[in-house]
There are 2 protein chains.
Amino acid sequence: MKTKAELPDCPVATTVSLIGSKWKLLILRNLLVRPWRFNELRKSLDGISQKVLTDSLRSMEEDGIITRTVYPEVPPRVEYALSDLGESMRPIIKSMETFGIDYKEQFEK
Amino acid sequence: MKTKAELPDCPVATTVSLIGSKWKLLILRNLLVRPWRFNELRKSLDGISQKVLTDSLRSMEEDGIITRTVYPEVPPRVEYALSDLGESMRPIIKSMETFGIDYKEQFEK
DNA sequence: CAGAATCCTTCCGGATACTG
DNA sequence: CAGTATCCGGAAGGATTCTG
């Protein structure tokens with residue numbers, strides 16, 4: 001869990017501390033499109049375990065990047081969506097996407 | 001070590017596989033300013049071990065992100081610099097920097 | 001100076017079982 | 001459906017020593 005005191009001086013390091021993990025970045029990539037349900041995310045993230053997905057979502061929620069909405073239905077429905085702060089991460093994912101496309105073009109030919 | 005066969009379909013996932021670790025992103029941040037020497041990098045990256053720095057630099061070199069130049073002097077001098085491919089990652093770090101600044105503004109007040 | 005080589009520890013993430 | 005609760009192995013990373 002992040003606290004103000006733990007925030008590194010360098011803004012790049014701060015960002016890394018929030019989304020410097022593989023799965024968080026891929027979750028973010030998904031949520032930038034639309035809100036997702038728990039099992040929906042799990043199926044789309046090939047290889048992720050349920051525990052890691054839960055931990056990642058909780059952590060991102062604590063950091064104010066995503067929101068978690070429980071709809072009191074049976075069976076329960078839980079939707080994960082981006083907060084305004086998470087939405088402001090769009091340029092990061094976009095620049096990663098652009099780079100990834102260029103990289104594959106260069107090395108797959 | 002990355003091979004073409006291991007490249008994920010999603011360009012974001014591809015990028016994550018290259019620089020999805022804390023230290024690689026911070027090394028990249030430094031090298032975007034100018035070339036750095038080994039011990040210079042080590043001192044600037046608070047808490048990194050020599051082994052992890054070596055491993056990270058080797059991995060980034062293999063992936064074509066950075067170059068390693070040995071100057072045959074005594075004592076030896078080794079300089080790490082960005083390749084063109086690494087340079088093309090600048091927008092990623094820039095967007096992370098921008099986000100980090102906004103984030104700290106929001107939570108430190 | 002810029003590492004290579006070891007050894008050792010931590011802890012992240014996977015697997016499994018259970019539940020409101 | 002969307003989790004919680006354990007248990008566990010392996011790989012990442014830290015500490016130390018040695019060297020061209």
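Residues numbered from 1 in each chain as written. Chains lettered and ligands numbered in written order. Predicted model: local features only at pLDDT ≥ 70, side-chain atom pairs only at ≥ 80, totals over all residues. Heavy atoms only, no water.

You'll find chain A entered in an unreviewed UniProt entry as Helix-turn-helix transcriptional regulator, with Ruminococcus difficilis given as the organism.

Asks: So what exactly am I meant to see when it comes to the sheet that holds strand S2 (residues 66-71) of chain B here?
Replies: Sheet strands associate in pairs through backbone hydrogen bonding, adopting either a parallel or an antiparallel arrangement. All names here are of chain B. Reading across from one edge, S1-S3-S2 is the order of the three strands in this open sheet, with antiparallel pairing throughout. Edge positions in the open sheet fall to strand S1 (36-37) and S2, since each of these has one partner strand only. The pairing of S1 with strand S3 (residues 77-82) spans two bridges and is antiparallel. Note on S3: the bridge partner recorded for Trp36 is Tyr80. (Pairing = 2+ DSSP bridges. Helix = DSSP H or I, 4+ residues; strand = E, 2+ residues; numbered from the N terminus.)

Asks: Mind showing me how you'd approach the pairing of strand S3 (residues 77-82) of chain A here?
Replies: Along any regular strand the residues' side chains alternate between the sheet's two faces. All names here are of chain A. As judged from the six bridges shared by strand S2 (residues 66-71) and S3, these two strands associate in the antiparallel manner. In the sheet register, Tyr71 faces S3, and the bridge partner there is Arg77. The hairpin formed by S2 and S3 contains five residues between the paired strands.

Asks: Please explain the packing of aromatic side chains as it appears in this structure.
Replies: Each pair of aromatic rings is reported with the distance of its centres and the angle of its planes. Under the defined criterion, the tally for this structure stands at two aromatic pairs over all chains. Directly above the aromatic system of Tyr71 of chain A lies the positively charged group of Arg77 of chain A, at a separation of 4.0 Å from the ring centroid. One residue, Arg34 of chain B, lies across the ring of Trp36 of chain B, its end atom 4.0 Å from the ring centre. (Phe/Tyr/Trp six-rings, centres within 6.5 Å; stacked < 30°, edge-to-face > 60°. Lys NZ or Arg CZ within 6 Å of the ring centre and 35° of its normal.)

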